[in-house]
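So the chains spell out like this:
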Amino acid sequence: MSLGQDLRFALRLLRRERLLTLVIVATLALAIGASTSVFSVVYEVLLRPLPYPAPEQLVRLYQASPEQDRGWGLSYPALTAWRARVHGLGAVEGMGFQDMTLTGEGPAAPVRTARATAGLLPQLGVRPVLGQLWGAEAEVPGRDRVVLLSHAMWRTQLGSDPRVLGRTLTLDGVPHTVVGVLPADFRFDPAIDLWKPLAPEPATEAVDAGHHFLRGLGRLRPGVSAQAARAEMEQVAKDFVREGGPPGARVEPLHGLLVKGVRTQLWLLAGVVAFVLLVACANVANLLLARATAREREVAVRAALGAGRWQLVRQFLVEGLLLAFAGGGLGLLLAAWGRELLRVLVPPELVSPEGPQLSSHLLLLTAALSLLTCLLAALVPALRAARADGRGTLGDLRGARSTGGGGGLRAALVVVQVSLALVPLVGAGLMLRTLQRLDAAPLGFEPQGVVLAELRLDPERFATERLAPLYEELRAHVQGLPGVRAVGLASTVPLWGRNGFSPILRPGEPMEAAKGREPVNFRAVDGDYLEALRIPLREGRRLGAQDGAGSPPVMLVNEAFVRRYFPHERVLGQQARLALDDESPLREIVGVVGDVRHEGLAEAPVPEVYMPLSQFAMPRMVLAVRSDVEPAALTAMLRAQVQGVVPDLPLLKVRSMPELVDANLERTRALGALFTALAVLGLLLAAVGLYGVLAYSVTQRTRELGIRAALGARQEQLLGLVLRQGLGLAGLGVGVGLLVAGLLARTLGGLVYGVPVLDPVTFGGVPALLLGVALLASWVPARRALRVPPHEALRSET
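Residues numbered from 1 in each chain as written. Predicted model: local features only at pLDDT ≥ 70, side-chain atom pairs only at ≥ 80, totals over all residues. Heavy atoms only, no water.

### Quick look at a nonpolar patch on the surface
Next, step 1: A surface patch of nonpolar side chains, about 340 Å² in accessible area, is lined by L321, F325, L371 and L375.
Next, step 2: Elements that contribute at least two residues to the nonpolar patch include exactly α10 (309-342) and α11 (360-386).
Next, step 3: Positionally, L375 belongs in helix α11.
Next, step 4: We classify L375 as partly exposed; its relative accessible area is 36%. (Patch = residues over 30% accessible without salt bridge, like charges linked within 9 Å, V, L, I, M, F, W, Y side chains within 5 Å. Areas by Shrake-Rupley, 256 points an atom, 1.4 Å probe, with all protein chains shown as cover. Salt bridge = Lys/Arg side-chain N within 4 Å of Asp/Glu carboxyl O. Helix = DSSP H or I, 4+ residues; strand = E, 2+ residues; numbered from the N terminus. Buried < 20%, exposed > 50% of the residue type's maximum accessible area, 1.4 Å probe, protein only.)

Below is the structure:
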């Protein structure tokens, strides 16, 4: 028989057995689709090099404290010193961020601006699609008024104007000339709208070694390790100590830094989906093995008529390939959809903004998984077919049913399925328990009904002494809006992603004492901020009108601050100061507030300091409004009030506090949902496999059950006989799976919160669930067999 005949025969068989074909194709599509989407994202994020020239040489640079190895960003003096004196680095570049206001192009709008050294974009191999990059001559104050547009801003705000070069944009009231447009696939930081030259003012940033406002990027010379470059940088950094800079340095590979937050999650997902794929392989192998057993007579006839072993094996492999193509085609569609769901887990710098693409590596991966899965599943029945010799089955031409073989192998496959299915179920259980604990974790504030809006007063337009009165005027206008219950201002709010931090000094301690100390978070707030967020006062008083600019410096601290610095002393009346500079004043602690989870819901509260806005005015503040009005309507009213006080002042970012809380949980929820979906898929596949084996086993034992019934065995006894077989297989699989899950659960240690990795609820509940599913899968075929009268069961084997 030729290959074409094998193909036509296989199509007829698959069409005749529609239900079995549908089950196998659906199993393959789900398993291959899930596997392809996860594996392709793992490749794209963790394994594929960054799209820059010689990406393995790119490193992020930090100044750091050697005692804590904490990254502090980079000061401009450190940048210039490392450029000149560190020979292991072929390039040292830097960039800072600045929110600016765009006017003259419709309503005033906030734009995120990156200020970069001239060599940063060339180092990344960037070539504008329009115009050109700037040179070192632009890194001078007054000559830096040129900008490069991100492709997204050029498209959305300027209508893809091909004549944009030379156009003037007014940023913070200063005209800037457009010199170029960056390509669409440049995703170094997708939040950036504009790029302009870094030209620090000599009187501020350029001479301040303690002002770590830059993100450093370097390129290692060929043959130089990150450790060697770090040693050189630390030697140079010692010169910064007397100027207020930290004496250490850090060097991190750029790719490793970008994927640090998702590496563990993606590898875990890859491991889980591999388990599910193996469950699918075992399931399909079981189904094909049962099908091959039913075709023993056909195979024997073909062998007796002269079919060679290769011909018999080829027939089963052709059928497997057809199933692989059908399952793989559907799996590819599911994979494209699944990649979109996985985007929430991936840093935006590493994925295409256009969404999931059917790239060549995705197609190849789908084809490889399809072929591998089906060939592995079809291999056992194919090898069994190769052993056919035309005897035995043909010896009984009276229609006797062959007892078949392979029962032990099918049982072993069920044990494998159950044990493999238990592992993702345990992972899903731990993630769901984590979400439960995070939802129940005390926030320290009340998010419902709070809308947040970020403001920035341009320091060049407003002197420092004018900031506090302007903010107070804004607060008073907003307080008068209908439905508003409380209005507060703070330099940052919980989960906003920004914090001031500084070590704390006690009275009499010099600045040098701050070296190596863990910093505390600090923020400037007005007197109504605590009321707006409903942060409880534990002791002392709130900040108020008595804490004006000319009043004695004061501050509030949280309970974590008290636990660290005053565990056995009365804290009220104590004094401390921030180690920002030598002129930072001692402040009296006048109150203690409750702990707030500022960094993240899974992060323990850290020591924090609250200072009066009137004594520590900052140009960038967040307006917190507690109101009964819907957020969308309130936002419109806020914009009108802000424009009435300070024309052309945009709201940089507007979020409701519940949205902020949900966004903080987004990645954990997505990971939990993916674990759960994969676990449920594995559970269903294991249940189908167990049901199939038991249904076949009961069919094979129909005569035995009929004899037992004829000899007086009760229905309950016969039912128990079948159930024990199913539960025995499931119990063995659960035991093996628990051992594997216990070993692998430790890798989840960094992802779970408030739950031990060997959580007794999870490790008790998941086996109970699996055994319950096994009981149901065993009970259905048992009840079906027991409905057959004993005389019919006996006649079926005669």
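From this point on, the discussion continues.
### Re the confidence of the model for the protein chain
Next, step 1: Predicted confidence across the protein chain gives a mean pLDDT of 81, with 84% of residues reaching 70 or more.
Next, step 2: Summarising per-element confidence for the protein chain, the mean pLDDT is lowest in strand β2 (residues 70-71) (56) and highest in strand β18 (residues 554-558) (96).
Next, step 3: Long-range and interchain partners of residues 203-207, a stretch whose pLDDT sits below 50, account for 12 contacts in this model, where long-range means more than four residues apart. (pLDDT = per-residue confidence, 0-100. Contact = heavy atoms within 4.5 Å.)

### Things to note about the packing of helix α13 (residues 464-479) against helix α16 (residues 631-645)
Next, step 1: Packing of α13 against α16 brings their axes to within 10 Å, and their N-to-C directions diverge by 140°. With respect to each other, α13 and α16 are oriented oblique. Relative to α16, α13 is oriented so that their crossing is right-handed. Packed against α13, whose contacting residues are L470, E473, L474, H477 and V478, the element α16 presents L638, Q641, V642 and V645 at the interface.
Next, step 2: When its residues are assigned to classes, the contact of α13 with α16 shows six nonpolar, two polar and one charged. (Axes fitted to C-alpha atoms, helices over the stretch in contact; angles between N-to-C directions. Parallel < 35°, antiparallel > 145°, perpendicular 65-115°, else oblique. Left-handed = near helix turned anticlockwise from the far one by under 90°. Nonpolar A, V, L, I, M, F, W, Y, C, P; charged D, E, K, R; others polar.)

### Digging into the packing of aromatic side chains
Next, step 1: On inspection of all chains with the given rule, the structure shows six aromatic pairs.
Next, step 2: A centroid spacing of 6.4 Å and a plane angle of 5° characterise the contact between F186 and F188, whose relative ring orientation is stacked. The same class applies to F186 as to F188, namely buried.
Next, step 3: A connected cluster of aromatic rings, assembled from ring pairs, spans Y52, F186, F188 and W195.
Next, step 4: Positioned above the aromatic ring of Y62 is the side chain of R250, whose terminal nitrogen or guanidinium carbon lies 4.9 Å from the ring centre.
Next, step 5: The cationic tip of K653 hangs over the ring face of W496; the distance from NZ or CZ to the ring centre is 4.2 Å. (Phe/Tyr/Trp six-rings, centres within 6.5 Å; stacked < 30°, edge-to-face > 60°. Lys NZ or Arg CZ within 6 Å of the ring centre and 35° of its normal.)

### Overview of unusual backbone geometry
Next, step 1: Notably, D172 is not glycine yet its phi reads approximately 50°, a positive angle.
Next, step 2: The residue D172 is located in the loop between β7 (168-171) and β8 (174-181) in this model.
Next, step 3: Phi angles above zero are rare outside glycine, and L495 is one such case at about 65°.
Next, step 4: Along the chain, the position of L495 falls in the loop between β13 (484-490) and β14 (500-502).

### Considerations on the pattern of salt bridges
Next, step 1: Evaluated as defined, the whole model comprises 26 salt bridges.
Next, step 2: For the salt bridge of D526 with R475, the shortest nitrogen-to-oxygen distance reads 3.6 Å. Placement of the pair is D526 in the loop between β16 (520-525) and α14 (529-533) and R475 in helix α13, with a sequence separation of 51 residues. Across this residue pair, the class does not change: D526 and R475 are buried.
Next, step 3: A cluster of three or more residues bridged by salt bridges with shared partners is formed by D99, R112, E454 and R620.

### Comments concerning the pairing of strand β10 (residues 215-220)
Next, step 1: Across the six residues of β10, five count as buried, placing the element largely inside the fold.
Next, step 2: Pairing analysis gives six bridges linking strand β3 (residues 89-103) to β10, with the strands arranged antiparallel. Residue E93 lies in a different strand from β10, and its bridge partner there is L217. (Pairing = 2+ DSSP bridges.)

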